Amino acid sequence: MTNFPIFLKLENRPCLVVGGGRVAARKIKQLLKANATVTVIAPKISSLLNKFVEEKKITFLEKSYERTDIAFMELVIAATNDREVNNKIAEHAKSKKIMINVVDNPDAGTFIMPSVIDRSPVMVAVSTGGASPILTRLLRARLEILIPANYGKLASLVSRFRETIKGKFPSIKERRRFWEQILQGPIAELLYTGQDKKALKLLEKKITNECSITQPEGEVYLVGGGPGDPDLLTFRALRLMQQADIVLYDRLVAPDIVNLVRKDAERIYVGKERDKHTVPQEEINQLLVELAKKGKRVLRLKGGDPFIFGRGGEEIDLLSENNIPFQIVPGITAASGCASYAGIPLTHRKYAQSCLFITGHLKDGTMNLNWSALVQPQQTLAVYMGTHGIEILSRELIKHGLAKTTPAAIVQQGTTKIQKTYITTVKDLPNIPKQNEIKPPSMIIIGDVVSLHEKLAWFGQPD
Ligand code: SAH
């Protein structure tokens, strides 16, 4: 270990920054966050620092650095753009055993500043010991994704109730079990989603024994897994996928996405193939309730967005009736995933001012749609579940006035490595499945915007 990691308490401690430019300002901002008493020495300072002076946040000495300036300082940062001056400051500070950081020259000082993920009071510091600032940045970005934005709130809550819990559970083992439950269950999730009061109430209930401590609290995460490409998952979706005890998923969720669920989580396939629902919808709804009541963290993973032709509303209805905590995580819906990956903007100033998401699902062999509303100028139609009724779709749209030559696309298995796009006209749409084997899932997009595909296609194109 070349550098020893510590966190310094700098509240009201005298710190000096030499230099008044951009880099100095960055360091000063960090020192101010730690409530340090900051003096800055420079012949002139930036407008931001001037503002800090006016707001009396820092003391500014308008002069060049001199040896005596460091006399009563506990920590010094040399941030001038003159390497020699910086090194001189470092020598002086070292001779007086004052902690010194030299910007852009970590070896010259006695400490370096890490890259920080601030979820106060939780702090994560990352350093590559000066080896690679880019690597530090990349690592930091990864950690930012893993640690929910409201993580600090959780830490504050724990700290607030620590003594109470100590009094309640004398044994360390019991205490640990209690906190593990709190930190990974509904209370934490309520805090992450900004429902602080509810979280506090639930914690108080747990403490006063109003609800069982040995029995963990179950909950349901209704998560949109997007159209296929795992990179399109949200941070929250991924976090919940890694946390759930059990997952219920259907056919539309790509295997690459199911693979991202925690390895030891139990998996239940609930089917949902066209016309043969492996598990009927009512049973799925009931199963979610039962599993959550057993104390499981249940992930209901759906393709695309759970609230767009996903029956997400029905599934949470029963949860709400049974007072089971749940949260809904949106996903990228097939229409926008397919459109983006096929280079077809759903709206465009020149071609389309509106876009309708419709279902072409056949009920009793027909499609019950408001055809005249669909046939409007400058409008894009994104048709879900439309391949089986493609003849009716083409025929009715034309019958209600849509130009036969209106461009149309079928995007098959959109956003996956095997995405395929067929471009045609609304009149010739039915010929595509006749001449090709169209594999589910497929999305039909109709409207003048489809003509942009030729120019804007980018994904999965031959080199
Ligand atoms: N909730 C989902 C839609 C469920 S309905 C969402 O928001 O995307 C199922 C229909 O979505 C399929 O019949 C198909 O029309 C469309 N679909 C879903 N994923 C798709 C994909 N990767 N490529 C093309 N169409 C897709």
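Located above this text is the structure these notes cover.
Residues numbered from 1 in each chain as written. Predicted model: local features only at pLDDT ≥ 70, side-chain atom pairs only at ≥ 80, totals over all residues. Heavy atoms only, no water.

Caption draft 1: Structural detail: the site of the ligand. Around the ligand there are 18 residues in total, and Pro227, Ile308, Thr333, Ala334 and Ser442 lie nearest to it. Within the backbone of glycine 303, an N or O atom sits 3.1 Å from a nitrogen atom of the ligand. A distance of 2.6 Å separates an oxygen atom of the ligand from a polar atom in the backbone of serine 442. Relative to its unbound accessible area of 540 Å², the ligand is 92% covered by the protein chains. Those elements that provide at least two residues to the shell around the ligand are helix 13 (334-341) and strand 17 (442-446). Here the residues of the shell around the ligand sort into 11 nonpolar, six polar and one charged. (Near = heavy atom within 4 Å. Polar contact = N/O pair within 3.5 Å; in protein donor to acceptor, adjacent residues only side chain to side chain. Areas by Shrake-Rupley, 256 points an atom, 1.4 Å probe, with all protein chains shown as cover. Helix = DSSP H or I, 4+ residues; strand = E, 2+ residues; numbered from the N terminus. Nonpolar A, V, L, I, M, F, W, Y, C, P; charged D, E, K, R; others polar.)

Caption draft 2: Representation of the state of the cysteines within the structure. Evaluation of the coordinates by the stated rule reveals zero disulfides. For cysteine 338, which is in no disulfide, the shortest distance to another cysteine sulfur is to cysteine 355 and amounts to 12 Å. Exposure remark for cysteine 338: the relative accessible area of 4% places this residue in the buried category. (Disulfide = S-S within 2.5 Å. Buried < 20%, exposed > 50% of the residue type's maximum accessible area, 1.4 Å probe, protein only.)

Caption draft 3: Structural context of the sheet that holds strand 4 (residues 75-78). Taken in spatial order, the five strands make up an open sheet running 3-2-1-4-5, and their pairing is parallel. The open sheet terminates on both sides in strands that have one partner only, identified here as strand 3 (58-62) and strand 5 (99-102). Each neighbouring strand pair of the sheet contributes to a mean axis angle of 20°, computed without reference to strand direction. Examined bridge by bridge, strand 1 (residues 14-18) and strand 2 (residues 37-42) share five bridges and lie parallel to one another. (Pairing = 2+ DSSP bridges. Axes fitted to C-alpha atoms, helices over the stretch in contact; angles between N-to-C directions.)

Caption draft 4: Up close: the pattern of salt bridges. Counted under the stated rule, the structure contains 22 salt bridges. With a shortest N-O distance of 3.0 Å, lysine 57 and glutamate 55 are connected by a salt bridge. Given a relative accessible area of 43%, lysine 57 falls into the partly exposed group. Overall, the relative accessible area of 37% leaves glutamate 55 in the partly exposed class. A salt bridge links aspartate 69 to lysine 63, with the shortest nitrogen-to-oxygen separation between them at 2.7 Å. Taken together, the shared-partner salt bridges in this structure form one network comprising Asp245, Arg262, Asp264 and Arg297. (Salt bridge = Lys/Arg side-chain N within 4 Å of Asp/Glu carboxyl O.)

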